[in-house]
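Report on the structure
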Amino acid sequence: MLSPQLMNWLLLSILIAIWGTSFMVTSIAIEGGLTAVTITLLRVGLGALVVTLFAYSKGLRLPLNARSWGCFMLLGLFGSALPFMLISWGQQSVPSASTGVLMAVMPFVTMLIAHYFVKGEQLNRYKIIGFILAFTCVTILLNPFAAGSVDLLGALAILAAASSYAINTVLIRLLPTFNPLVAGAGMLICGLLLTLPLVFSDLGNIFDELIYAATADALMAVAWLGLMPAGFASIIYFIVVNRAGPSFLSNCNFLIPVVAYFAGTLILGDAVPSAGLIALAGILAGIAITRISR
């Protein structure tokens, strides 16, 4: 029988593996003929189904008041619909390994926003040093004069997705507290609702993609994205938070970019600029510096 601490690390490892490889799987879906809108629709929709069914199986129920759904709508925008769309669009021109590196800036954006809006989260010298180091590394990766530098517009979309996740993290601290599973289900349901206008405006093309254009690998990839990173991993996320707390969960910030980088380079054979590994190491060092408490 596993000890509680070992079980926590096992759950965290599963979470890191699922989220860390999600960028690689998104690349497979894109290369297989699916657009950002279709990927977002199926990812949010399947994720909402998994988390909502699990919440209801635990006897939980979604609230019926407008205030709660207003909160879920904000979380759905910044925590699912917007970042999923931006990542899927950005990865049309940015390799999954580089995407993992760029997404590693999320803790720094969270830290910066929290400084202004969350009590007790003020910047200190270590956070500022870490932020400057990470910003410098991202600048190196985006340098248009460097050999093999990533596409600027695609990279900016991914950085915007990381910022969206950061805003969502701060919103969770500021909005009323819900049961985590209820909040997750409400967030994904609202993310789906926010995606529907884009779906209805391009319904014919989406139908053609799914029936005629997409490869079997792309369909399996997008099903995985919905059922696992958006669905099953969200449930594990809530379990880990309840078992070990958010500080333990923050270890993901170190490991997910590493998994994303090596999954892209070793499995997909992504062509990553030589500065990519240096940028990854610098950003992770920046994260470590920000965690110095004295």
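Residues numbered from 1 in each chain as written. Predicted model: local features only at pLDDT ≥ 70, side-chain atom pairs only at ≥ 80, totals over all residues. Heavy atoms only, no water.

Considerations on the overall build of the protein chain
Going by this rule: Runs of H or I in DSSP of at least four residues are treated as helices and runs of E of at least two as strands, each being numbered from the N terminus. For this analysis, residues touch if any pair of their heavy atoms sits within 4.5 Å. In this tally, Lys and Arg are treated as positive and Asp and Glu as negative; His is ignored, and so are the chain termini. Lysine's charge is taken at NZ, arginine's at CZ, aspartate's at CG and glutamate's at CD.
For the protein chain, the count of helices and strands is 14 helices and zero strands. Its C-alpha atoms give the protein chain principal-axis dimensions of roughly 45 × 45 × 45 Å. Once local pairs closer than 6 in sequence are excluded, the contacts in the protein chain between residues at least 24 apart make up 87%. Taken as two groups, the 11 positive and 8 negative side-chain charges of the protein chain have centres that lie 30 Å from each other.

Describing the UniProt feature "domain: EamA" (unreviewed entry) in the protein chain
Short version of the rule: UniProt positions are given in the numbering used here, feature names are shortened, and annotations may be inferred rather than shown by experiment.
Cross-referencing UniProt, the feature "domain: EamA" (unreviewed entry) maps to residues 9-141 and 153-290 in the present numbering. Along residues 9-141, the helical share is 80% and the strand share 0%, with 32 Å between the first and last C-alpha atoms.

Regarding the pattern of salt bridges
Worth spelling out the cut-off: A carboxyl oxygen of Asp or Glu within 4 Å of a side-chain nitrogen of Lys or Arg is what we treat as a salt bridge. Working definition: with a 1.4 Å probe on protein chains only, accessible area under 20% of the residue-type maximum means buried, over 50% means exposed, and in between means partly exposed.
A complete count under the given rule lists two salt bridges for this structure. Among the salt bridges present, the one from K127 reaches E121, with a minimum N-O distance of 3.9 Å. Overall, K127 belongs to the buried group, its relative accessible area being 14%. With a relative accessible area of 24%, E121 lands in the partly exposed category.

Things to note about the packing of aromatic side chains
Stated formally: Pairing of aromatic side chains requires ring centres within 6.5 Å, counting the rings of Phe and Tyr and the six-membered ring of Trp. Pairs whose planes differ by under 30 degrees are stacked, by over 60 edge-to-face, and all others tilted.
For the coordinates displayed, the defined rule picks out six aromatic pairs. Between W19 and Y237, the ring centres sit 5.9 Å apart and the planes meet at 45 degrees, which makes this aromatic pair tilted. Highlighted residues: W19 in helix α1 (residues 4-20) and Y237 in helix α11 (residues 216-244), separated in sequence by 218 residues. With a centroid separation of 4.8 Å and an interplanar angle of 50 degrees, the aromatic rings of F72 and F178 are classed as tilted. You can see F72 sitting in helix α4 (residues 66-90) and its partner F178 sitting in the loop between α8 (152-174) and α9 (180-201), a full 106 residues away along the chain. Three or more aromatic residues joined by ring pairs make a cluster, and in this case those are W19, Y237 and F238.

Observations regarding the environment of V150
Tracing the backbone through its elements, the reader meets V150 in the loop between α7 (125-142) and α8. For the pair V150 and A81, spaced 69 residues apart in sequence, the C-alpha to C-alpha distance is 24 Å.

Concerning helix α6 (residues 106-117)
Our working definition: Each residue after the first adds 1.5 Å to the expected span of a helix.
A rise of 1.5 Å per residue sets the reference length of α6, with its 12 residues, at 16 Å; its end C-alpha atoms lie 16 Å apart and thus fit the reference within 8%. Within α6 the residues assigned to the buried category are F108, V109, T110, M111 and A114. In this structure, the buried residues of α6 make contact with α7, α8 and α14 (275-290).

Considerations on the packing of α4 against α8
Stated precisely, the cut-off is as follows: Between the N-to-C directions of two axes lies an angle of 0 to 180 degrees, each axis being a line fitted to C-alpha atoms and, for a helix, fitted only over the stretch in contact. Should an angle lie under 35 degrees it is considered roughly parallel, over 145 roughly antiparallel, and from 65 to 115 roughly perpendicular; all remaining angles are considered oblique. Helix crossings get a hand from a simple test, with the near helix turned counterclockwise from the far one by less than a right angle marking a left-handed crossing and a clockwise turn marking a right-handed one. For this classification, the nonpolar set comprises Ala, Val, Leu, Ile, Met, Phe, Trp, Tyr, Cys and Pro, the charged set comprises Asp, Glu, Lys and Arg, and every other residue, Gly included, is treated as polar.
Viewed as axis vectors pointing N to C, α4 and α8 meet at an angle of 165 degrees, and their least axial separation amounts to 8 Å. What the angle tells us is that α4 and α8 run roughly antiparallel. As α4 packs across α8, the resulting crossing turns out to be left-handed. Each of L74, L75, L77, F78, G79, L82, P83, F84, L86, I87, W89 and G90 in α4 lies in contact with α8, whose residues at this interface are L153, G154, A157, I158, A160, A161, S164, Y165, I167, N168, L171 and I172. A breakdown of the residues in the contact of α4 with α8 according to their chemical character gives 19 nonpolar, five polar and no charged.

Some remarks on the nonpolar core
Put simply, the rule reads: We call a set of buried Ala, Val, Leu, Ile, Met, Phe, Trp, Tyr and Cys residues a nonpolar core when their side-chain atoms join them within 4.5 Å.
In this structure, L102 and I283 are the most contacted members of the largest nonpolar core, which totals 47 residues. A per-element tally of this core places α8 first, with seven residues. Leaving out residues up to four positions away in the same chain, L102 has contacts with V94, V138, L141, L142, A155, I158, L159 and A162. With 19 residues, the next largest nonpolar core counts A48, F72, V182 and F238 among its residues.

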